[in-house]
Amino acid sequence: MAQQARFHHQPVPFWRDVRVLAIFTQILFLLVVILVAGLLYANMTHALAQRGLSLGFGFLKLEAGFEIGEGIRYSPSDTYGRAFLVGVVNTLLVSGLGILFATILGVIVGVARLSNNWLLTRIVGAYIELIRNTPLLVQLVFWYFAVILQLPPVRQSLELPGNIYIHQRGVTMPWLIPSPTFKLWLLTLAAGIILGILAWRVLIQYQLRTGRTTYPITVGLIVFIVLPILGWYLPGETPVSWEMPVLQRFNFTGGRTLTPEFTALLVGLVVYTGAFIAEIVRAGIQAVPRGQLEAARALGLSNAQMLRLVIFPQALRIIIPPLTSQYLNLAKNSSLAIAVGYPDLFAVGGTIANQTGQPVPVIIMIMSSYLSISLLTALFMNWYNRRVQFVVR
Amino acid sequence: MDRRLLAMTFTLFVVLGLLLSACQMAAQPAPAPAAETSAEEAPKPAEAAPAAQQGSRLETVKARGKVICGVNGGLPGFSYLDETTGNFTGFDADYCRAVAAAIFDDPNAVEFRPLSAKERSTALQTGEIDVLIRNTTWTISRDASWGNFAPTTFYDGQGMMVHKELGATKLEDLAGASICVQTGTTTELNLTDQMRARGIEFTPVVFEEIDATYAAYEEGRCDAVTSDRSQLAARRTVFANPADHIILDVVMSKEPLGPVVPHGDDQWFDVIKWIVFGTIQAEELGINSQNIDSFMDSKDPVTRRLLGLEGNLGEQLGLSNDFVVRIIRHVGNYGEIFDRNLGPGTPFNMDRGPNKLWTDGGLLYSPPFR
């Protein structure tokens, strides 16, 4: 009887209607989130007011007054804002180069892991296990104190051919200095690239239309090479000149020196992240169906061709998503720079917070910097990921 | 369906609870002075919250049974972990003990909290520590934003240590040099100021950890390292070859070092102030840990007030009247603390210099105990 009543007579009351309940719980949840956020914010502003701290960003216009060891042009009389920018650029530099080299290292090691050479796979395996299972901070300190600072002092530098010096203050090498004609040369270089591509495309079209062999690549390359060469020699003065390092009383001046702090951080990040990327690459390759491999062999492709034309394109769509998170990790891990004295954005931000007594605004700036870097990386990688996905029609 | 209902009821309760605690927070008078409102305290029952928010830090410390003292922890002579005993030793550590002795009559009622130069301001501002005794320079901006500075216990100046083989004798000899420095210090700013004023180019190599700073210098990454002169002398004693390093004969700044307490607590500030003054006044009167008993029947009213035999000076601060006696018995007067940790009998062999009593031409001066 009761069942009958439930089934036929009464509609479902609204407090048991799944759709109403779903919406209601969502609203409730949103309320909870807003409340908690509000509570945290109220607590923070209350605590800040109590300690006489403000939440403004006005301090960014004040003179910083501290020196930064490396990075873009900056002097202690610049503002805190500029100092922070130096840190941001330093972070971008080390994480950008880190991502590039870690990818190269990771792909090489990942492929080597699958090699038929017994010794090679064992060595590579040991590297991956050793690096993945020890903390990055420990590795950074190791690279800095136990490897780089143990190199010979400046006055007894190892000298490599081409005026490159290796010493415990880094690697000093000759560097190119632009002369007044440099901008002119850049123009001819740009013209070479544009005209080269243009020639190549026009010739291809012509070839397709008429069927005559027009050597599009050769002609394009010649255009691309000849124009900058003309631009290099015609103005009379070469657009760049070499600046040679000279050993002064304490350090080398002239040329370019990679500091030990930067080197240690870069090497540490690359070696560490490279091990993770290697495993991702290995997994990606192994996930390609065996039949693809056999088919490629049957076609008579060489090992290199097989990797380049068959395996990698298919492995890539498996590799990209986990690779993205490794890139993000690398960028975020660069904040360990402070341990080896590299002035990245976290280190500089910390100094600013300390000198101004404004920890909250500075932490907000640091967090939003890392957030933007990560989101932009993720955005790019997601776009790339969509490009390499299977297009199913 | 039932599970969903259950979850909903639960959520409802959570929301109600949050709403209630929010109302409760809003209902409290907003500018409660010396309040310790933190996230975990907010949702406590109504009757418990106001009790915790009243009173001085002195009461909190007494109730806790120990004082939490922020120290350096990596600075021989000031606060350094003694490998044989496992205790912190040094000048700053002894002042932490003096605070504990004054409050609890027990110099060991201290929890030492080693802090890096960068961490210390936050630890102080958030009230994580009761007092910071960590070779911290008294400056106007820190006084305004960090906390209240008690009397200076050590008058220092910034110096520069270089590798002897470089043959540098003055700052101008360091043009083009790399200089190691610890971040979060006044040293970092003074260095830049001094070098800018003299037009000397240099490259700073900045570390957060004191050990990393000196390790990088000792390994040769830097030509020089800069810090307070006392710190340079102290760290040099733990180098592999102390004789290979010289401290230049320059004083780049004034560095008055002393205890700091969090803002907004006058009573606690007074307690720390007069504990420091007590050690200075005791030395001025010639009272030390060895001879203090012979002063207990002194007729001198100045001595009698200091030792709490007359008046209620200690009670006015919220301490016991004999708080100076407790300090002297357990830790000693200023001269004893200095000599024990930094004086001629120690590897540092530091001269008292400006840290002499005013009666000897130094800067140590205690206002009257009356």
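Residues numbered from 1 in each chain as written. Chains lettered and ligands numbered in written order. Predicted model: local features only at pLDDT ≥ 70, side-chain atom pairs only at ≥ 80, totals over all residues. Heavy atoms only, no water.

Turning our attention to the overall build of chain B. Secondary structure assignment for chain B yields 15 helices and 15 strands. Across the 370 residues in chain B, those meeting the buried criterion constitute 55%. (Helix = DSSP H or I, 4+ residues; strand = E, 2+ residues; numbered from the N terminus. Buried < 20%, exposed > 50% of the residue type's maximum accessible area, 1.4 Å probe, protein only.)

Geometry of an aromatic ring pair is reported as the spacing of the ring centres plus the angle between the planes. This model, assessed by the stated rule, comprises 25 aromatic pairs over all chains. Taking the centre distance of 5.7 Å and the plane angle of 65° together, the rings of F142 of chain A and W143 of chain A count as edge-to-face. Geometrically, the ring pair formed by Y144 of chain A and F145 of chain A is edge-to-face, given 4.9 Å between the ring centres and 85° between the ring planes. An aromatic cluster is built from F78, F91, Y95, F154, Y334 and F338 of chain B, whose rings are joined through pairwise contacts. The aromatic ring of F346 of chain A is capped on one face by K118 of chain B, whose charged end is 5.3 Å from the ring centroid. When the ring centre of F338 of chain B is taken as origin, the NZ or CZ atom of R352 of chain B, which lies over that ring, is 5.4 Å away. (Phe/Tyr/Trp six-rings, centres within 6.5 Å; stacked < 30°, edge-to-face > 60°. Lys NZ or Arg CZ within 6 Å of the ring centre and 35° of its normal.)

One widely used convention gives an interface's size as the accessible area the parts lose upon coming together. Each partner contributes residues to the interface: chain B has 53 residues there, and chain A has 48 residues. Across the chain B/chain A interface, buried area totals approximately 4,400 Å², and carbon plus sulfur atoms make up 58% of it. For the pair chain B and chain A, the interface holds three salt bridges. A salt bridge links E63 of chain A to R196 of chain B; its shortest N-O distance comes to 3.2 Å. There are nine residue pairs in polar contact (both at pLDDT 80 or more) connecting chain B and chain A. Listed by contribution, the elements that provide at least two residues to the side of chain B that touches chain A are α1 (2–27), α5 (119–125), β10 (177–182), α7 (186–198), β11 (202–207) and α8 (210–219) of chain B. For the side of chain B that touches chain A, the leading source of residues is α1 of chain B, giving nine residues. A breakdown of the residues in the side of chain B that touches chain A according to their chemical character gives 29 nonpolar, 14 polar and ten charged. (Contact = heavy atoms within 4.5 Å. Buried area = accessible area lost by both parts, 1.4 Å probe. Salt bridge = Lys/Arg side-chain N within 4 Å of Asp/Glu carboxyl O. Polar contact = N/O pair within 3.5 Å; in protein donor to acceptor, adjacent residues only side chain to side chain. Nonpolar A, V, L, I, M, F, W, Y, C, P; charged D, E, K, R; others polar.)

Further remarks concern the packing of helix α3 (residues 80–113) of chain A against helix α4 (residues 118–132) of chain A. Residue and element names in this part refer to chain A. Two numbers describe how α3 lies on α4: the axes approach to 8 Å, and their chain directions differ by 130°. Relative to α4, α3 is oriented oblique. When you trace α3 past α4, the crossing you get is left-handed. Only L120, T121, V124, G125, Y127 and I128 of α4 make contact with α3, whose side of the interface consists of L105, V109, A112 and R113. Taken together, the residues that form the contact of α3 with α4 break down as seven nonpolar, two polar and one charged. (Axes fitted to C-alpha atoms, helices over the stretch in contact; angles between N-to-C directions. Parallel < 35°, antiparallel > 145°, perpendicular 65-115°, else oblique. Left-handed = near helix turned anticlockwise from the far one by under 90°.)

Turning our eyes to something else, we now look at helix α5 (residues 136–147) of chain A. Among all positions in α5 of chain A, only L136, Q139, L140, Y144 and F145 of chain A are buried. In this fold, the buried residues of α5 of chain A make contact with α4, α8 (260–286) and α10 (303–333) of chain A together with β11 and α8 of chain B.

Here the focus is the sheet that holds strand β2 (residues 164–167) of chain A. Residues and elements named next belong to chain A. Taken together, the four strands give an open sheet; going across it, the order is β1-β2-β3-β8, and neighbouring strands pair in antiparallel fashion. The outermost strands of the open sheet, each flanked by one partner alone, are β1 (158–160) and β8 (256–258). Neighbour-to-neighbour, the strand axes of the sheet open up by a mean angle of 20°, direction not taken into account. Taken together, the three bridges between strand β3 (residues 170–173) and β8 define a ladder with antiparallel strand orientation. Residue pairing in the sheet places V171 in a bridge with L258 of β8. (Pairing = 2+ DSSP bridges.)

Attention now goes to the state of the cysteines. All names here are of chain B. Across all of its chains, the model carries two disulfides over all chains by this definition. Here C69 pairs with C96 through a disulfide, and the sulfurs are 1.9 Å apart. Disulfide C69-C96: torsion about the S-S bond near -60°, hence left-handed. With C69 in strand β1 (residues 67–71) and C96 in helix α4 (residues 91–104), the pair connects residues that are 27 residues apart, well separated along the chain. Judged by its relative accessible area of 0%, C69 falls in the buried class. Between the sulfur atoms of C180 and its disulfide partner C222 the distance amounts to 2.0 Å. Handedness here is read from the sign of the S-S torsion; for C180 and C222, about 70°, the answer is right-handed. Remark: C222 occurs in the loop between α8 and β12 (224–228) and C180 occurs in strand β10; sequence separation between them is 42 residues. On the basis of relative accessible area, C222 is assigned to the buried category, the value being 0%. (Disulfide = S-S within 2.5 Å.)

The next point concerns the pattern of salt bridges. When the charged atoms of two side chains with opposite charge come close together, those side chains can pair. Residue and element names in this part refer to chain B. Taken as a whole, this structure holds 25 salt bridges over all chains when the rule is applied. For R57, the salt bridge goes to D130, with nearest N and O atoms at 2.6 Å. Note that R57 is positioned in helix α3 (residues 57–64) and D130 in the loop between α5 and β6 (131–132), a separation of 73 residues in sequence. A relative accessible area of 10% means that R57 is categorised as buried. When the shortest N-O distance is used, the salt bridge between R97 and D94 registers 3.3 Å. Of this pair, R97 and D94 both sit in helix α4, three residues apart, which is roughly one turn of that helix.

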